Amino acid sequence: MIHVQHLTKTYDDLSRGKFVAVDRVSFTVRPGEIFGLLGPNGAGKTTVLRILSTVLAPTSGIASVSGYDVVADPAEVRRHIGFVSNNTAIYDRMTAWEMVEYFGRLHGMTKEHVNGRLETLFEQLRMNEFRDTPGAKMSTGMKQKVSIARAMVHDPPVLIFDEATLGLDVLVARNLLGVIRALRESGKCLIFSTHIMSEVERLCDRIAIMHRGKILDTGTLSELRARHDQHDFEELFFGLLSHHEQNETDAIPASSLAAGGVR
Ligand SMILES: Nc1ncnc2c1ncn2[C@@H]1O[C@H](COP(=O)(O)OP(=O)(O)OP(=O)(O)O)[C@@H](O)[C@H]1O
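Since this is a predicted model, take the numbers as computed values, not measurements.

Chemist: How should I be thinking about the overall build of the chain in this particular structure?
Modeler: When you go through the chain residue by residue, the secondary structure sums to 10 helices and 10 strands. Relative to the 2.2 N^0.38 estimate, which gives 18 Å for 263 residues, the radius of gyration of the chain is 20 Å and therefore close to what a compact globule would have. Overall size of the chain, expressed as C-alpha extent along the three principal axes, is 65 × 40 × 35 Å. A buried classification covers 34% of the 263 residues belonging to the chain. A sequence separation of at least 24 residues applies to 66% of the contacts in the chain between residues at least 6 apart.

So this is what it looks like as structure tokens:
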């Protein structure tokens, strides 16, 4: 279970001054559910996910994973979470098996425990045919599977996929979506962050549309379609974004516009 309430992150940025990257974001993700975080570049998705994985501290608000608060219990949060991104480093000289085993040992698993777990994982993710292949000789798809296995080695109940299909060809991306669906069937709690609308449409049980740090709307695909009276998801998405941009511009006082406050 993931619980996020009024989460806010402000950066001190040299050129922009105080910059609100995440603005009072709230959502809940339940076990057996894929929650889609959809937004254009810079929407704040990665910042939310970095806070959830305890890499970044929130400025205010609450975030918890399996009941553990990211600020008060970061070690417990890390035990309950796995993070898959598109830029996980793969060591050239380690084999697929050695790499995942290494991360299992970092999680404090015994050699026997980790080996048993790896047998299951390599079967589940169909990695046996390259278990002895070193990183330097792996294809992008193989590397992505190693990243997933790495994130799952300690069998966390919560898994986060941040732009995980970026750079993958259609076949590998399709396989990855299949793996994520299977994880949902096994009761995992999943966040899938992307800017690709079709992936969200095909995969996610509930969706949050994010733009400029805010969640503009959240719900199932059919709830969103009904609420905005729009069946075409792309139209719905861009309609929400442009409405939000218009509202933000309207909220800026004319004096600051005249003084060059908006670029
Ligand atoms: N360390 C930082 N200092 C200042 N601003 C930052 C920092 N990290 C991120 N930002 C800004 O916060 C905003 C949100 O970034 P974030 O990476 O969370 O967005 P995103 O939705 O994941 O987009 P992308 O798909 O491009 O990664 C952006 O405007 C970004 O420039």
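Chemist: It is not clear to me how the UniProt feature "domain: ABC transporter" (unreviewed entry) in the chain should be interpreted in this structure. Could you clarify?
Modeler: Feature annotation in UniProt places "domain: ABC transporter" (unreviewed entry) on residues 2–237, given in this structure's numbering. Summarising residues 2–237: 37% helix, 28% strand, and an end-to-end C-alpha distance of 24 Å.

Chemist: What should I look at first to understand helix α5 (residues 140–152) in this one?
Modeler: The periodicity of an α-helix, 3.6 residues per turn, causes residues three or four places apart in sequence to face the same way. Relative to the 18 Å expected for 13 residues at 1.5 Å per residue, α5 spans 18 Å between its end C-alpha atoms, a close match to the ideal helical length. Among all positions of α5, only Q144, K145, V146, S147, I148, A149, R150, A151 and M152 are buried. Turning to α5, the residues buried within the fold contact β6 (81–84), α3 (96–106), α4 (111–124), β7 (158–162) and α6 (170–185).

Chemist: What is the right way to read the sheet that holds strand β3 (residues 33–38) from this model?
Modeler: Two strands in a sheet stick together by hydrogen bonds in their backbones, pointing the same way (parallel) or opposite ways (antiparallel). The strand order across the open sheet formed by six strands is β6-β7-β8-β3-β9-β10, and the pairing between neighbours is mixed. Sheet topology places β6 and β10 (214–219) at the edges, where each strand pairs with a single neighbour. Between one strand axis and the next, the sheet turns through 15° on average, direction left out of account. Of the pairings in the sheet, the one linking strand β9 (residues 206–211) to β10 comprises five bridges and is antiparallel in character. When the sheet's bridge partners are listed, A208 is paired in β10 with T218. Contacts from helix α1 (residues 45–52) reach β3, β6, β7, β8 (189–194) and β9 within the one sheet, and its direction differs from that of β7 by about 150°. Those strands touched by α6 are β3, β7 and β8, and its axis lies near 155° from that of β8.

Chemist: Sorry, what's going on with the site of the ligand here?
Modeler: Around the ligand, 13 residues are found, and the nearest of them are Y11, A21, N41, T46 and T47. Elements supplying a minimum of two residues to the shell around the ligand: β1 (2–13), β2 (17–29) and α1. In terms of residue count, the dominant contributor to the shell around the ligand is α1 (three residues). Tallied by class, residues from the shell around the ligand come to four nonpolar, seven polar and two charged.

Each value, and the rule that gives it
- Residues numbered from 1 in each chain as written.
- Predicted model: local features only at pLDDT ≥ 70, side-chain atom pairs only at ≥ 80, totals over all residues.
- Helix = DSSP H or I, 4+ residues; strand = E, 2+ residues; numbered from the N terminus.
- Rg over C-alpha atoms; globule rule 2.2 N^0.38 Å.
- Buried ≥ 20, exposed ≤ 12 C-beta atoms within 10 Å, placed from the backbone.
- Contact = placed C-beta atoms within 7 Å.
- UniProt positions renumbered as here; feature names shortened; annotations may be inferred.
- Expected span 1.5 Å × (residues − 1).
- Pairing = 2+ DSSP bridges.
- Axes fitted to C-alpha atoms, helices over the stretch in contact; angles between N-to-C directions.
- Near = placed C-beta within 6 Å.
- Nonpolar A, V, L, I, M, F, W, Y, C, P; charged D, E, K, R; others polar.

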